[in-house]
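Listed here are the chains, written in short residue letters.
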Amino acid sequence: MILRKLFSYIVSFLKNKKFQYFSPKIDNSYNKTIFSKFMITGSNSGIGHELTKVILKDNKKVLATYNKEDTNLKKIQNSNLFIEKCDFGNFDEIKNLRKNNIFKDVDVIIHCAATRGHIPEADQIFENIDYEQLFKTYKVNALSFIELIKVLIDTNSKNIKLIINLSSWVASNKKNKSGGMYIYRTSKNLLNSISKNLSVDIKKYFNCKIVVLHPGNVKTKMNENGELDASSVAKRIYSILSSEKILELDGKFIDLNMNEFPWWDPLQSIQGLKIVC
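I will try to describe carefully the structure that is included in this document. (Residues numbered from 1 in each chain as written. Predicted model: local features only at pLDDT ≥ 70, side-chain atom pairs only at ≥ 80, totals over all residues. Heavy atoms only, no water.)

**Observations concerning the sheet that holds strand β9 (residues 253-254)**
Then, in step 1: The strand order across the open sheet built from eight strands is β3-β2-β1-β4-β5-β6-β9-β10, with neighbouring strands paired in mixed fashion. The outermost strands of the open sheet, each flanked by one partner alone, are β3 (81-85) and β10 (260-261).
Then, in step 2: Examined bridge by bridge, strand β5 (residues 162-166) and strand β6 (residues 209-213) share five bridges and lie parallel to one another. Counted as the bridge partner of N165 is V212 from β6. (Pairing = 2+ DSSP bridges. Helix = DSSP H or I, 4+ residues; strand = E, 2+ residues; numbered from the N terminus.)

**So, the packing of helix α2 (residues 46-57) against helix α7 (residues 230-240)**
Then, in step 1: Their axes nearest at 8 Å, the elements α2 and α7 cross at an angle of 60°. The angle between α2 and α7 falls in the class oblique. Crossing geometry of α2 relative to α7 is assigned as right-handed. Along the contact surface, α2 presents G46, I47, E50, L51, V54 and I55, while α7 presents A230, S231, V233, A234, K235, I237 and Y238.
Then, in step 2: Here the residues of the contact of α2 with α7 sort into nine nonpolar, two polar and two charged. (Axes fitted to C-alpha atoms, helices over the stretch in contact; angles between N-to-C directions. Parallel < 35°, antiparallel > 145°, perpendicular 65-115°, else oblique. Left-handed = near helix turned anticlockwise from the far one by under 90°. Contact = heavy atoms within 4.5 Å. Nonpolar A, V, L, I, M, F, W, Y, C, P; charged D, E, K, R; others polar.)

**Some thoughts on the pairing of β6**
Then, in step 1: Taking burial as the measure, the five residues of β6 include five buried ones, the bulk of the element.
Then, in step 2: Burial along β6 is two-sided: K209, V211 and L213 and I210 and V212, pointing in opposite directions, are all buried.
Then, in step 3: Relative to β9, β6 runs parallel, the two sharing two bridges. In the sheet register, V212 faces β9, and the bridge partner there is F253. (Buried < 20%, exposed > 50% of the residue type's maximum accessible area, 1.4 Å probe, protein only.)

**As for the nonpolar core**
Then, in step 1: In this structure, F38, I110, L162, I237 and L241 are the most contacted members of the largest nonpolar core, which totals 35 residues.
Then, in step 2: Secondary-structure elements contributing two or more residues to this core are β1 (37-41), α2, β2 (61-66), β4 (108-111), β5, β6 and α7.
Then, in step 3: Element by element, the count of residues in this core is highest for α7, at six residues.
Then, in step 4: If we skip the residues at most four places from it in the chain, I237 touches I47, L51, I110, L166, L213 and L256.
Then, in step 5: Within the second largest apolar cluster, 26 residues are counted, among which are F103, L148, L152 and C208. (Core = buried A, V, L, I, M, F, W, Y, C linked by side-chain atoms within 4.5 Å.)

Keep in mind that these numbers describe shape and distance, not what the molecule does.
Below, the structure is given as structure tokens:
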């Protein structure tokens, strides 16, 4: 009887830890944000769309970009909503964001636009990689961010104080115990690396903080088996923006509770290190 209870307790504990790791418990309440105008990419669906609604509800302005369809955005009747087409797989469309001074007054960007590449797991293993699809996914999920930063620099958008890039825990080298998912995993890993590098380089132009965020295992069109609903996650992300702490996490990879994913394991890195005096 005691062993059975102990086993039941251990199973329950591990399940709870697993849930917190993949999808941390979140607080749906949120306070007033310290920002006033937002740019949300990929805002016609998923987390981007829910963020757009949450922010507008708080009477803030939103510059919302979409890839091909804007049906859901057009259903929102709000004078604080500004809609702009931008396919992040098309660098010409990103460069086109220079027009009409659209970044005027934008002080935070939440970059949600992404693709998973081929959905079937069979196309995500290294034996079956479709390199054309791999490079397309890299372009949307990672390289497009470089182009966006170049546009911000060209338009002298010094008012932008923070950029949050949505990534995923699967991009963490330290946490990778399962392998696979080559297209999606490596594209987000590349985004993480680019984000960290640009968090340093952008300071030559203006003082903008860049933070990488794992939003949890969210149910979206791209991830139909997700555990968390996009609305709750959007509210939690918005609550993060009510804390000054977010500006202290420049160049960091964090979860919804602002816990940090280490870029590397210092203990593993010093194993076998020879010290020469």
